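The lines below spell out each chain.
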2 protein chains.
Amino acid sequence: MSTAAPAASSRDLPHPVREDIRLEAVLHALSDPMRLQIVRELAADRTELTCSQFVLPVTKSTSTHHFRVLREAGVIRQCYRGTAKMNGLRRDDLDDLFPGLLDALLAAAARQATRLGG
Amino acid sequence: MSTAAPAASSRDLPHPVREDIRLEAVLHALSDPMRLQIVRELAADRTELTCSQFVLPVTKSTSTHHFRVLREAGVIRQCYRGTAKMNGLRRDDLDDLFPGLLDALLAAAARQATRLGG
DNA sequence: GACGTACTACGATGCCTATCGTACGAACTG
DNA sequence: CAGTTCGTACGATAGGCATCGTAGTACGTC
């Protein structure tokens, strides 16, 4: 915390608090290939990424939609920095609520990608 | 008729082979509260259960639908035994494809149930 | 064969959602 | 301020899906 009026931007986005994150919502969010891919890239980079850094085979409108689904499910955290919108995994909250789940999911996704991709 | 029947029953149901089980499909199947509950009960019992042993707040038609979704995603295995339809978790296949995932999911579901229910 | 049980198939319905296109807003750079 | 970049809002569309009710099939039993 201590982000005392971070001045980064005026606009801020609604996130569920940790206690309101529901497992079903998380699973639903990750059941879409596009969103699973987003989360995999976020986890791989371990840093915040802007929306435009993702190359997705959909229009910007659809992209916005997917990022919002992930945010409202509590999977990612979003905030503005200038014109860019930064995206970060809510690793701390997810690990606290569901220990080991995120890692198992990422490992499963990686395994499947390896198996199918080569 | 005559086709070397496996004795258990003549009718058999289409299941995806292990290699065709997709993570997204599994997550989608488990993102429904009703289906997550079914899987939790199956995991708790560690034995095969008939469809009618589950008490779900939906009609039988809807129940059939949910069991089929789970089967087609590769989460459960179904077979007939007389008039009853037996349901079993595909633990072996899931553990082989996605090590640790099923346990992490069940643990997460149990944790959430404890947190919300008690 | 007649009956009861267990589950299915099919059609209907209403909601959710992934996708797009266009028009707009917010911030940075001249 | 003008222009550019980045992302949003809104409406439309098409498909998916959770639910139900009714009618039907497969199996065991009498």
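Notes on the structure follow.

### Focus on the nonpolar core
Phase 1: In this structure, Leu 30 and Val 75 of chain A together with Leu 30 and Val 75 of chain B are the most contacted members of the largest nonpolar core, which totals 63 residues.
Phase 2: If we skip the residues at most four places from it in the chain, Leu 30 of chain A touches Leu 36, Val 39, Leu 70, Val 75 and Leu 105 of chain A together with Leu 27 of chain B.

### Regarding the sheet that holds strand S1 (residues 49-50) of chain A
All names here are of chain A.
Phase 1: The antiparallel open sheet is built from three strands, whose spatial order is S1-S3-S2. Each end of this open sheet is capped by a strand with a single partner; those strands are S1 and strand S2 (76-81).
Phase 2: In the sheet, S2 pairs with strand S3 (residues 84-89) via six bridges, with the strands oriented antiparallel. Bridging across to S3, Ile 76 finds its partner in Leu 89.
Phase 3: The sheet contacts of helix H2 (residues 33-45) involve S1, S2 and S3, and relative to S3 the element is tilted by about 80 degrees.
Phase 4: The strands touched by helix H3 (residues 60-73) within the sheet are S2 and S3, with S2 carrying the most contacts at an inclination of about 120 degrees.

### Observations regarding the pairing of strand S3 (residues 84-89) of chain B
Residue and element names in this part refer to chain B.
Phase 1: In terms of burial, S3 is a largely internal element, five of the six residues being buried.
Phase 2: Where strand S1 (residues 49-50) and S3 come together, two bridges link them in antiparallel fashion. Across the sheet, Leu 49 pairs through a bridge with Asn 87, a residue of S3.
Phase 3: Where strand S2 (residues 76-81) folds back onto S3 in an antiparallel hairpin, the turn is made up of two residues, including Gly 82, whose phi is positive at roughly 70 degrees.

### What about the interface of chain A and chain B?
Phase 1: Residue-level contacts link 25 residues of chain A with 25 residues of chain B.
Phase 2: Of the roughly 2,100 Å² buried at the junction of chain A and chain B (both faces included), carbon and sulfur atoms supply 64%.
Phase 3: Of all residues in chain A, Glu 24, Leu 27 and Gln 112 of chain A bury the most surface against chain B, accounting for 23% of the area lost on that side.
Phase 4: Taken together, chain A and chain B are joined by zero salt bridges.
Phase 5: On inspection of chain A and its partner chain B, the count reaches ten residue pairs in polar contact (both at pLDDT 80 or more).
Phase 6: Breaking the side of chain A that touches chain B down by element, the ones donating at least two residues are helix H1 (23-30), H2, helix H4 (91-97) and helix H5 (101-117) of chain A.
Phase 7: Ranked by residue count, the leading element in the side of chain A that touches chain B is H5 of chain A, at nine residues.
Phase 8: Among the residues making up the side of chain A that touches chain B, the classes are represented as 15 nonpolar, four polar and six charged.

About the thresholds
Residues numbered from 1 in each chain as written. Chains lettered and ligands numbered in written order. Predicted model: local features only at pLDDT ≥ 70, side-chain atom pairs only at ≥ 80, totals over all residues. Heavy atoms only, no water. Core = buried A, V, L, I, M, F, W, Y, C linked by side-chain atoms within 4.5 Å. Buried < 20%, exposed > 50% of the residue type's maximum accessible area, 1.4 Å probe, protein only. Contact = heavy atoms within 4.5 Å. Pairing = 2+ DSSP bridges. Helix = DSSP H or I, 4+ residues; strand = E, 2+ residues; numbered from the N terminus. Axes fitted to C-alpha atoms, helices over the stretch in contact; angles between N-to-C directions. Buried area = accessible area lost by both parts, 1.4 Å probe. Salt bridge = Lys/Arg side-chain N within 4 Å of Asp/Glu carboxyl O. Polar contact = N/O pair within 3.5 Å; in protein donor to acceptor, adjacent residues only side chain to side chain. Nonpolar A, V, L, I, M, F, W, Y, C, P; charged D, E, K, R; others polar.

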